[in-house]
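Chain by chain, the residues:
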Amino acid sequence: MTTGLLTVIDMQRVFAEPDSPWATPRFADAATGVRRLLPAFGDRVTFTRFVAPAEPDGAWRAYYERWPFALQPPQARLWELTDEFAPHARHVLDAGTFSKWTPELARRATPEGRLVLTGVSTDCCVLSTALAAADAGVEVRVVADACAGADDDTHAKALQVLDLYRPLIRVTTVAELLA
(Lines give C-alpha, C1' and ligand atoms only; values in the text may rest on other atoms or scores of the structure.)
Protein backbone atom coordinates (compact mmCIF):
# COMPACT_ATOMS: atom_id res chain seq x y z
CA MET A 1 0.00 0.00 0.00
CA THR A 2 1.18 3.48 -0.87
CA THR A 3 1.28 5.94 2.03
CA GLY A 4 -0.64 9.15 2.35
CA LEU A 5 -4.02 10.38 1.21
CA LEU A 6 -4.78 10.26 -2.49
CA THR A 7 -6.73 13.37 -3.43
CA VAL A 8 -8.44 13.27 -6.80
CA ILE A 9 -9.16 16.86 -7.71
CA ASP A 10 -12.23 17.83 -9.72
CA MET A 11 -12.64 14.88 -12.08
CA GLN A 12 -16.03 16.31 -13.01
CA ARG A 13 -18.17 16.43 -16.13
CA VAL A 14 -17.53 20.18 -16.55
CA PHE A 15 -13.84 19.42 -17.17
CA ALA A 16 -14.32 16.13 -19.03
CA GLU A 17 -16.97 16.89 -21.64
CA PRO A 18 -15.47 18.23 -24.88
CA ASP A 19 -18.24 20.79 -25.44
CA SER A 20 -17.77 22.37 -22.00
CA PRO A 21 -16.16 25.83 -21.88
CA TRP A 22 -13.88 24.37 -19.20
CA ALA A 23 -12.96 21.17 -21.07
CA THR A 24 -9.50 19.89 -20.14
CA PRO A 25 -7.92 18.44 -23.30
CA ARG A 26 -5.96 15.65 -21.58
CA PHE A 27 -8.64 14.74 -19.04
CA ALA A 28 -8.67 11.12 -20.26
CA ASP A 29 -4.89 10.84 -19.76
CA ALA A 30 -5.20 12.10 -16.19
CA ALA A 31 -8.08 9.67 -15.61
CA THR A 32 -5.87 6.77 -16.72
CA GLY A 33 -3.27 7.72 -14.12
CA VAL A 34 -5.90 8.10 -11.39
CA ARG A 35 -7.38 4.67 -12.20
CA ARG A 36 -3.93 3.11 -11.80
CA LEU A 37 -3.47 4.72 -8.38
CA LEU A 38 -6.86 4.02 -6.80
CA PRO A 39 -6.19 0.39 -5.78
CA ALA A 40 -2.92 1.33 -4.06
CA PHE A 41 -4.69 3.72 -1.66
CA GLY A 42 -7.70 1.64 -0.64
CA ASP A 43 -10.07 3.79 1.40
CA ARG A 44 -7.48 6.58 1.76
CA VAL A 45 -8.93 8.49 -1.21
CA THR A 46 -10.76 11.80 -1.24
CA PHE A 47 -12.44 13.12 -4.36
CA THR A 48 -13.05 16.85 -4.63
CA ARG A 49 -15.59 18.85 -6.59
CA PHE A 50 -15.35 22.48 -7.58
CA VAL A 51 -18.83 23.99 -7.15
CA ALA A 52 -20.13 27.50 -7.64
CA PRO A 53 -21.32 29.52 -4.65
CA ALA A 54 -24.99 30.44 -4.39
CA GLU A 55 -23.94 34.09 -4.44
CA PRO A 56 -20.40 35.00 -5.54
CA ASP A 57 -18.65 37.71 -3.57
CA GLY A 58 -15.40 39.63 -3.79
CA ALA A 59 -13.27 38.91 -6.85
CA TRP A 60 -15.41 35.85 -7.54
CA ARG A 61 -18.17 38.16 -8.86
CA ALA A 62 -15.97 39.15 -11.84
CA TYR A 63 -14.96 35.51 -12.31
CA TYR A 64 -18.57 34.37 -12.64
CA GLU A 65 -19.41 37.34 -14.86
CA ARG A 66 -16.88 35.81 -17.25
CA TRP A 67 -18.25 32.26 -16.72
CA PRO A 68 -22.00 32.69 -16.04
CA PHE A 69 -22.78 29.14 -17.28
CA ALA A 70 -21.12 27.84 -14.09
CA LEU A 71 -23.52 29.51 -11.67
CA GLN A 72 -25.46 26.33 -11.09
CA PRO A 73 -26.27 24.56 -7.82
CA PRO A 74 -23.96 21.82 -6.48
CA GLN A 75 -26.32 19.07 -7.63
CA ALA A 76 -26.23 20.24 -11.28
CA ARG A 77 -25.00 17.71 -13.84
CA LEU A 78 -21.90 19.73 -14.76
CA TRP A 79 -20.56 19.40 -11.17
CA GLU A 80 -21.01 15.60 -11.02
CA LEU A 81 -17.96 13.38 -10.92
CA THR A 82 -17.60 11.50 -14.19
CA ASP A 83 -19.28 8.11 -14.41
CA GLU A 84 -15.99 6.23 -14.06
CA PHE A 85 -15.12 7.88 -10.74
CA ALA A 86 -18.50 8.37 -9.06
CA PRO A 87 -18.67 4.72 -7.87
CA HIS A 88 -15.23 5.06 -6.21
CA ALA A 89 -16.04 8.29 -4.40
CA ARG A 90 -16.71 7.28 -0.80
CA HIS A 91 -15.27 10.57 0.49
CA VAL A 92 -16.23 13.68 -1.49
CA LEU A 93 -15.29 17.22 -0.55
CA ASP A 94 -16.97 20.20 -2.22
CA ALA A 95 -15.29 23.59 -2.35
CA GLY A 96 -16.14 26.84 -4.08
CA THR A 97 -12.46 27.76 -4.28
CA PHE A 98 -9.60 26.61 -6.46
CA SER A 99 -7.71 25.27 -3.47
CA LYS A 100 -9.24 22.16 -1.99
CA TRP A 101 -7.07 22.49 1.14
CA THR A 102 -10.03 22.84 3.48
CA PRO A 103 -10.24 21.91 7.17
CA GLU A 104 -11.89 18.64 6.12
CA LEU A 105 -9.06 17.70 3.75
CA ALA A 106 -6.51 18.75 6.39
CA ARG A 107 -8.11 16.37 8.92
CA ARG A 108 -7.99 13.49 6.43
CA ALA A 109 -4.38 14.18 5.39
CA THR A 110 -2.90 14.92 8.79
CA PRO A 111 -2.61 11.39 10.28
CA GLU A 112 0.08 10.37 7.79
CA GLY A 113 1.14 13.85 6.80
CA ARG A 114 1.38 13.14 3.07
CA LEU A 115 -0.98 14.35 0.39
CA VAL A 116 -0.84 12.82 -3.09
CA LEU A 117 -2.51 15.07 -5.65
CA THR A 118 -4.02 14.08 -8.98
CA GLY A 119 -6.70 15.55 -11.22
CA VAL A 120 -7.48 18.80 -12.98
CA SER A 121 -6.40 21.31 -13.62
CA THR A 122 -2.70 21.24 -12.86
CA ASP A 123 -2.38 24.98 -13.42
CA CYS A 124 -5.33 25.92 -11.23
CA CYS A 125 -6.90 23.69 -8.56
CA VAL A 126 -4.00 21.23 -8.23
CA LEU A 127 -1.47 24.06 -7.94
CA SER A 128 -3.61 26.00 -5.46
CA THR A 129 -4.17 22.92 -3.29
CA ALA A 130 -0.51 21.90 -3.33
CA LEU A 131 0.72 25.33 -2.24
CA ALA A 132 -1.81 25.66 0.58
CA ALA A 133 -1.08 22.14 1.90
CA ALA A 134 2.68 22.71 1.74
CA ASP A 135 2.28 25.97 3.65
CA ALA A 136 0.44 23.96 6.32
CA GLY A 137 3.48 21.66 6.63
CA VAL A 138 2.09 18.68 4.76
CA GLU A 139 4.36 16.68 2.44
CA VAL A 140 2.84 16.94 -1.05
CA ARG A 141 3.35 14.69 -4.06
CA VAL A 142 1.90 15.86 -7.38
CA VAL A 143 1.55 12.98 -9.83
CA ALA A 144 2.33 14.59 -13.19
CA ASP A 145 0.85 11.83 -15.37
CA ALA A 146 -2.34 11.69 -13.30
CA CYS A 147 -2.97 15.43 -13.77
CA ALA A 148 -3.96 17.53 -16.75
CA GLY A 149 -3.87 21.26 -17.36
CA ALA A 150 -5.88 23.70 -19.40
CA ASP A 151 -3.39 22.86 -22.15
CA ASP A 152 -0.03 21.09 -22.41
CA ASP A 153 1.99 24.29 -21.99
CA THR A 154 0.31 25.46 -18.80
CA HIS A 155 0.42 21.90 -17.40
CA ALA A 156 4.20 21.81 -17.94
CA LYS A 157 4.70 25.30 -16.51
CA ALA A 158 2.64 24.49 -13.41
CA LEU A 159 4.72 21.35 -12.82
CA GLN A 160 7.90 23.44 -13.13
CA VAL A 161 6.60 25.92 -10.56
CA LEU A 162 5.54 23.12 -8.20
CA ASP A 163 8.97 21.53 -8.48
CA LEU A 164 10.51 24.78 -7.18
CA TYR A 165 8.95 24.04 -3.79
CA ARG A 166 11.08 20.98 -3.02
CA PRO A 167 11.23 19.31 -0.57
CA LEU A 168 7.73 20.41 0.52
CA ILE A 169 6.27 19.53 -2.88
CA ARG A 170 7.66 16.88 -5.19
CA VAL A 171 6.49 16.15 -8.70
CA THR A 172 6.42 12.43 -9.40
CA THR A 173 4.83 9.90 -11.77
CA VAL A 174 2.42 7.03 -11.28
CA ALA A 175 5.22 4.48 -11.84
CA GLU A 176 7.54 6.19 -9.32
CA LEU A 177 4.80 6.38 -6.73
CA LEU A 178 3.79 2.75 -7.12
CA ALA A 179 7.39 1.44 -7.12
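Residues numbered from 1 in each chain as written. Predicted model: local features only at pLDDT ≥ 70, side-chain atom pairs only at ≥ 80, totals over all residues. Heavy atoms only, no water.

**Let's talk about the nonpolar core**
This is how the line gets drawn: Residues enter a nonpolar core if they are buried and are Ala, Val, Leu, Ile, Met, Phe, Trp, Tyr or Cys, with the set joined through side-chain atoms within 4.5 Å. Exposure categories follow from relative accessible area, calculated using a 1.4 Å probe and restricted to protein chains: below 20% of the type maximum is buried, above 50% is exposed, and the middle band is partly exposed. Strands are runs of DSSP state E lasting at least 2 residues, helices are runs of H or I lasting at least 4, and numbering of each runs from the N terminus. We call two residues in contact whenever any of their non-hydrogen atoms come within 4.5 Å of each other.
Grouped together as the largest cluster of nonpolar side chains are 35 residues, with contacts concentrated most on Leu6, Met11, Trp22, Leu37, Phe41, Phe47 and Trp79. Breaking this core down by element, the ones donating at least two residues are strand E1 (5–9), helix H1 (13–16), helix H2 (27–41), strand E2 (45–50), strand E4 (114–120), strand E5 (139–148) and helix H7 (174–178). Element by element, the count of residues in this core is highest for H2, at eight residues. Sequence-distant contacts of Trp22, defined by excluding residues within four places in its chain, comprise Val14, Phe15, Phe50, Tyr63, Trp67, Phe69, Ala70 and Trp79.

**Concerning a nonpolar patch on the surface**
We apply this condition: Here the term patch refers to residues with relative accessible area over 30% and no salt bridge, with like charges joined within 9 Å and nonpolar side chains (Val, Leu, Ile, Met, Phe, Trp, Tyr) within 5 Å. Every accessible area reported is derived by Shrake-Rupley at a probe size of 1.4 Å, with residue values counting cover from the shown protein chains alone. Note on definitions: salt bridges are taken to be side-chain nitrogens of Lys or Arg within 4 Å of carboxyl oxygens of Asp or Glu.
Together, Val161, Leu164, Tyr165 and Leu168 make up a nonpolar patch on the protein surface, roughly 380 Å² of accessible area in all. In this structure, Val161 sits in helix H6 (residues 152–163). In this structure Val161 comes out as partly exposed when scored by relative accessible area, which is 36%.

**Overview of the environment of Pro18**
With respect to the element layout, Pro18 can be found in the loop between H1 and H2. Exposure remark for Pro18: the relative accessible area of 77% places this residue in the exposed category. Sequence spacing of Pro18 and Gly42 is 24 residues, and the spatial spacing of their C-alpha atoms is 30 Å.

**Brief notes about unusual backbone geometry**
For residues that are not glycine, phi is negative in most cases, and the peptide bond is trans in most cases. Geometrically, the link from Val120 to Ser121 is a cis peptide bond, its omega value of -15° lying close to zero. With respect to the element layout, Ser121 can be found in the loop between E4 and helix H5 (122–135). Cis geometry is found at the peptide bond from Arg166 to Pro167, where omega equals 0°. The residue Pro167 is located in the loop between H6 and strand E6 (169–172) in this model. With a phi close to 55°, Asp10 is a non-glycine residue in the positive phi region. Along the chain, Asp10 turns up in the loop between E1 and H1.

Without other data, these values stay purely geometric and don't point to any function.
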